[in-house]
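Summary of structural features
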Amino acid sequence: MNIKKNIALSDSGYLFNPSSGESFVVNPIGIEIIDLIKQGKSFGDISKNLLQKYNTDEATLEKDYFDFLNMLRINQLINDEEKNN
Amino acid sequence: MKKKTINIAISGLNAIDSPGPGMAVARGLREAKSLDVRIIGLAYDTLEPMIYMHHLIDKTYQLPYPSAGTDAILSRIEYIHAQEDLDIIIPNFDAELYSFMKLEETLKKMGISMFLPTFEQFEERHKINLSKFGEKYDVTVPSNLGIYDTNEIPDETELTFPLVVKGKWYDAYIAYNKEQVKTYFNKISAKWGLPIILQEFIHGSEYNVTGLGDGKGNTIAAVPMRKQYITDKGKAWAGISIDEPELLELTHKFISATKWRGGFELELMKNQENKYYLLEINPRIPAWAYLSVGVGQNIPEALVKLALGEKVTPYSNYDVGKIFIRYSMDMIVDRKEFEKLSIDGEL
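The following refers to the structure shown.

**Brief notes about the sheet that holds strand β14 (residues 323-325) of chain B**
Residues and elements named next belong to chain B. Taken together, 6 strands build an open sheet; the order of strands is β13-β12-β9-β10-β11-β14 and the sheet is antiparallel. Each edge of the open sheet carries a strand with a single partner, namely β13 (276-282) and β14. Neighbour-to-neighbour, the strand axes of this sheet turn through a mean angle of 30 degrees, independent of strand direction. Bridge count between strand β12 (residues 261-270) and β13: 6 bridges; the pairing is antiparallel. Considered in β13, the bridge of Met-269 is made with Tyr-277. The strands touched by helix α9 (residues 299-307) are β9 (205-214), β10 (219-230) and β12; relative to β9, the strand with the most contacts, the crossing angle is about 25 degrees.

**Focus: the interface of chain A and chain B**
Contacts between the two partners involve 7 residues from chain A, matched on the other side by 12 residues from chain B. Regarding the contact of chain A and chain B, the summed buried area is about 710 Å², with carbon and sulfur atoms giving 44% of it. The tally of links from chain A across to chain B stands at 1 salt bridge. Between Glu-22 of chain A and Arg-226 of chain B there is a salt bridge, with its nearest N and O atoms 3.7 Å apart. Here chain A is connected to chain B by 4 residue pairs in polar contact (both at pLDDT 80 or more). Here the residues of the side of chain A that touches chain B are counted per class, giving 2 nonpolar, 4 polar and 1 charged.

**Looking at the environment of Met-101 of chain B**
Residue and element names in this part refer to chain B. As for its position among the elements, Met-101 is in helix α3 (residues 94-109). Judged by its relative accessible area of 5%, Met-101 falls in the buried class. Excluding residues that lie within four positions of it along the chain, Met-101 makes contacts with Leu-116, Pro-117, Thr-118, Phe-119 and Phe-122.

What counts, and where the lines are drawn
Numbers given to residues run from 1 along each chain, matching the order in which its sequence is written. To read the labels, note that chains go from A and ligands from 1, taken in the order they are written. Totals for whole chains, interfaces and linings use every residue, but because this is a predicted model, local features are given only for residues with pLDDT of at least 70 and side-chain atom pairs only at 80 or more, for both listing and counting. Values shown for side chains rest on all heavy atoms present in the structure; no hydrogens or waters enter the calculation. When DSSP locates at least two bridges between a pair of strands, those strands are taken to pair. The secondary structure listing takes helices from DSSP runs of H or I that are at least 4 residues long and strands from runs of E that are at least 2 residues long, numbered from the N terminus. In this analysis an axis means a line fitted to C-alpha atoms, helices contributing only their contacting stretch, and an angle means the value between N-to-C directions, from 0 to 180 degrees. Only heavy atoms enter the contact rule, under which two residues are in contact if any of them lie within 4.5 Å. Put simply, buried area is how much 1.4 Å-probe accessible surface two parts lose in total, over both of them, once they are put together. By convention in these notes, a salt bridge is any Lys or Arg side-chain nitrogen within 4 Å of a carboxyl oxygen on Asp or Glu. Here a polar contact is taken to be a pair of N or O atoms separated by no more than 3.5 Å, where protein atoms must pair a possible hydrogen donor with a possible acceptor and residues adjacent in sequence count only if both atoms sit in side chains. Throughout this entry, Asp, Glu, Lys and Arg are counted as charged residues, while Ala, Val, Leu, Ile, Met, Phe, Trp, Tyr, Cys and Pro are counted as nonpolar. The remaining residues, Gly among them, count as polar. Here the term buried applies to any residue with accessible area under 20% of the maximum for its type, exposed to any over 50%, and partly exposed to those in between, with areas from a 1.4 Å probe on protein chains only.

The values are spatial; any link to function lies outside them.
Following this line, the structure appears as structure tokens:
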């Protein structure tokens, strides 16, 4: 699983899918998660990273992470066949 | 060295809420680096806005409606040609294309070139023949039924609602029951004639491709776009250029299989399963084609060069993520201009 290669994400959180022409806005934590996924980090790495930085517990983070991932998948921003870790 | 001025007549000057393509074509020609053009407008109605946009249209002549027959059109073109020494005509209305296709040889002998689809291409892609087209070229299309009478509307149990009721040339309405199908049948047929097409309704997002085929199977230009803002008439009021290999592949396939000659527009719907359905093939440059100019593929310019028999290098790329946003604006026009056009038939 990875973010589709052609997806453009700017520092402001504006995300553009050039295949579908759809655009989205993600918040700063969303940008961070997408960057980490792009770097090929596993859920374990991402979870560890975010738990160190933000005041939240593991269960909440896991739920929010997979909700976010699901939103990316529904909007076809994720390529499930593209593996890099 | 000064370039020779090319005299180009264009129609589709109705820059209204359901706009003709004249505006996009004229702007593309004005911005064409390789051409020096004089643009002659061909108008059907005295209130087509572009008639009065003198920065785009140098001179306008009224044309008889296609229903007047090709002789009447030819006679009017002969008059215009005598005044303007036309090099090229770009007809931009679906409803007039057939007449111009019939006149292509005659006009060629007069020194006027066009770059239009052949009769076979024009007929084959017609709304009423879309199912056969899909089968022949292995393209997914919604199911279609052409009817000439309200008695031919199938029983409600045989229909899946909603469905789209479409006119031969223009107009489309979504019907939710048989009564509505009848109402729209009468409404559209009164305006555009028969047949009326009943088309399966596909839920999803609307995508379009505009392009240009050289008549030998080569793609000269192709720009896909996703509609972002759609008017109540179903017209794109804003759209964004996209990079969708599937749509470009479909376009190349369409051009190479049909050896399409001229400009065109593919109208597609992508459903929830991300499957594209080809809804319609319009045999001319679409009203939103200025986006193609804006992203680096000047389709009107390339079409003129093909019409002049020049070799045209196919465009290979375009800017992705560029948005067109249409707008409306009021012009203040002196009554004298309107009067001159109404009385003399030219302005």
